[in-house]
Amino acid sequence: MAVLRAALVTPLSGALARYGEATAAALDLWAKQAADLPPRWRRVELDVRDSRPDPAAAIREAVAGAPHVVFGPYGSGPATAVLDATDRVVWNHGGASSRLAWPEFAGAINVLAPASTYLVGALQAVRAAAPDAGTVALLHVDTRFGRDVASGAGQAARRLGFDVHEVRFPAGDAAAAASRVGDADVLLVAAGFDDELTAARQLLARPWRAAAFVGAGVEEVLAELGEAREGLLGPAQWLPATAPQPDEGPAADWFRHAYRSAAGGEPAYPAVQAFAAGVLAARCLRDTGDVADGAQLAAAKRLRCTTLYGRFRLDPESGLQAGHRVWTVQWQDGARRAVWPPERAERPLRWPRPASHRTAP
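Residues numbered from 1 in each chain as written. Predicted model: local features only at pLDDT ≥ 70, side-chain atom pairs only at ≥ 80, totals over all residues. Heavy atoms only, no water.

Q: What exactly am I supposed to notice about the packing of aromatic side chains here?
A: Pairs of aromatic rings are described using the distance from one ring centre to the other and the angle between the two planes. Enumeration according to the criterion identifies nine aromatic pairs in this entry. An angle of 45 degrees between the planes, with centres 6.1 Å apart, marks the rings of tyrosine 19 and tyrosine 269 as tilted. With tyrosine 19 in helix α1 (residues 17-34) and tyrosine 269 in helix α9 (residues 269-288), this residue pair connects regions lying 250 residues apart in the sequence. A single burial state applies to tyrosine 19 and to tyrosine 269, both of which are buried. A connected cluster of aromatic rings, assembled from ring pairs, spans Trp254, Phe255, Tyr259 and Phe275. Residue placement shows arginine 127 over the ring face of phenylalanine 162; its charged tip is 3.9 Å from the ring centre. The side chain of lysine 301 reaches across the aromatic face of tryptophan 102, ending 4.9 Å from its centre. (Phe/Tyr/Trp six-rings, centres within 6.5 Å; stacked < 30°, edge-to-face > 60°. Helix = DSSP H or I, 4+ residues; strand = E, 2+ residues; numbered from the N terminus. Buried < 20%, exposed > 50% of the residue type's maximum accessible area, 1.4 Å probe, protein only. Lys NZ or Arg CZ within 6 Å of the ring centre and 35° of its normal.)

Q: Can you help me understand the environment of alanine 295 in this one?
A: Following the sequence through the fold, alanine 295 ends up in helix α10 (residues 293-302). Look at alanine 295 and you get buried, because its relative accessible area is 17%. The spatial distance from the C-alpha of alanine 295 to the C-alpha of glutamate 266 is 35 Å, given a sequence separation of 29 residues. The contact partners of alanine 295, leaving out residues within four places of it in the chain, are Thr288 and Asp290. (Contact = heavy atoms within 4.5 Å.)

Q: Help me understand the environment of glutamate 248, please; the structure alone is not making it clear to me.
A: Within the secondary structure, glutamate 248 sits in the loop between β10 (233-236) and α8 (252-263). Its relative accessible area of 8% is what places glutamate 248 among the buried residues. When the C-alpha positions of glutamate 248 and glutamine 330 are compared, they lie 29 Å apart, and in sequence the two are 82 residues distant. A polar contact of 2.8 Å, which involves the side chain of glutamate 248, links it to the side chain of arginine 283. Polar side-chain contacts of glutamate 248 include one of 2.5 Å to the side chain of arginine 286. (Polar contact = N/O pair within 3.5 Å; in protein donor to acceptor, adjacent residues only side chain to side chain.)

Q: I tried to follow the pattern of salt bridges on my own but got confused; where do I start?
A: Pairing between side chains becomes possible if they bear opposite charge and their charged atoms approach one another. According to the stated counting rule, one finds 23 salt bridges in the structure shown. A salt bridge links arginine 18 to glutamate 220, with the shortest nitrogen-to-oxygen separation between them at 3.7 Å. One end of the pair, arginine 18, is in helix α1; the other, glutamate 220, is in the loop between β9 (210-213) and β10, and 202 residues separate them in sequence. Given the relative accessible area of 53%, arginine 18 is considered exposed. Classification of glutamate 220 by relative accessible area gives partly exposed; the value is 28%. In this structure, arginine 209 and aspartate 132 form a salt bridge, with 3.6 Å as the shortest nitrogen-oxygen distance. Of the two residues, arginine 209 is situated in the loop between α7 (193-203) and β9 and aspartate 132 in the loop between α4 (120-129) and β6 (135-141); the sequence distance between them amounts to 77 residues. According to the relative accessible area criterion, arginine 209 is partly exposed, its value standing at 23%. Several salt bridges converge on common partners, so that one network encompasses Asp36, Glu248, Arg283, Arg286 and Asp287. (Salt bridge = Lys/Arg side-chain N within 4 Å of Asp/Glu carboxyl O.)

Q: I'm lost on the packing of α1 against α8 in this one. Help?
A: Any two packed helices are characterised by how steeply their axes cross, that is the angle between the axes, and by the distance between the axes. As a packed pair, α1 and α8 sit with axes 10 Å apart at the nearest point and diverge in direction by 110 degrees. Accordingly, the angle class assigned to the pair α1 and α8 is roughly perpendicular. Judged by residue contacts, Ala22, Ala25, Ala26, Leu29, Gln33 and Ala34 of α1 engage Trp254, Phe255, Ala258, Tyr259 and Ala263 from α8. (Axes fitted to C-alpha atoms, helices over the stretch in contact; angles between N-to-C directions. Parallel < 35°, antiparallel > 145°, perpendicular 65-115°, else oblique.)

Q: How do you make sense of the layout of surface pockets when you look at a structure like this?
A: Summary: where empty space remains is shown by rolling a probe the size of a single water molecule over the atoms. As a volume, the largest pocket reaches approximately 1,200 Å³. If you go around the largest pocket, you meet 50 residues; those closest to its centre are Leu16, Tyr19, Tyr74, Phe193 and Tyr269. Residue assignment for the lining of the largest pocket shows that the elements contributing at least two residues are α1, α3 (76-84), α5 (144-159), α7, β10, α8 and α9. Grouping the amino acids of the lining of the largest pocket by side-chain chemistry returns 26 nonpolar, 14 polar and 10 charged. By volume, the second largest pocket amounts to about 370 Å³. Around the second largest pocket, the lining is made up of 18 residues, and of these Ser116, Thr117, Val120, Arg325 and Val326 lie nearest the centre. Put simply, the parts of the chain that give the lining of the second largest pocket at least two residues each are α4 and α5. In terms of residue count, α5 provides more of the lining of the second largest pocket than any other element does, four residues in total. (1 Å grid on protein atoms, 1.4 Å probe; cavity = no way out; pocket = protein on both sides within 12 Å on 5 of 7 lines; lining within 4 Å. Points joined across faces, edges and corners; volume = space filled by probe spheres on them. Nonpolar A, V, L, I, M, F, W, Y, C, P; charged D, E, K, R; others polar.)

Purely geometric stuff here, so don't read any function into it on its own.
Next up, the structure:
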């Protein structure tokens, strides 16, 4: 009987610490209560390391201990740095960048849907509700993440017949960039959360028929807008109310109860992603009985299953996650409601955005 050594490198300090700590709490819960290991393995020993200030150094220190399983950090930037610094297979549950694809990042096992899909559902929902909507204003930060989201949104908008006016800006310059955004039916914004809040304060006074922000998919990010958040669209990697019935690992209700008991609060979406990564890693270990990186990666390539987080299937060419889909939510009556895809929507899209809330916060 052996101990399975697992390593997690994730932000435990700095701006992303809140989310990194959530991933650590979730994987600790998996290790202690939900690691369904094959008989050879007795328990999981989890080594957690702060990815700040140097993710590359942190992953090198972590893999020096020869862990059997490696989990990457929350955040596309840290995840890219970690995967760039090691040839180990890494369960990527926190980096949504589409750049983390094969063959450049041959060791990435991508659990979450790529950022290039984040605003696609909002456009599909708008097009289904309004065949006459013709124009999109796309404001995005000029970073890898911003370009990733914007590239997917721009391609989808053009496929759906929208004319697209794109404005990009350096991080921290959202106020000046917002003044260059022209009129359109639909506003799309993809940036860091602080820049999105700045852009929202300036732009939401204008009569957009629909407006989508990456941060609108998260409970707390645009909370300062108050009632002006009503009607906003955004992407959500996971919603408790729409969590599927898993065929692998515990259900969402069990996880939420266990997480609250262990961590003292509701699990944020990065916690669910990390927990799902643990469930999937254990499944691959059961399928192969082998902790070697090559065996884990081969098992992940074959794997088709559903966890509390959603479906898992890797694209055979890129290695990006192809099974899990991002939800599109809309703030309705002060709460996030899933409005797309239609077969799993909680509410229909409210179109156009309520005029009473088209005011500056």
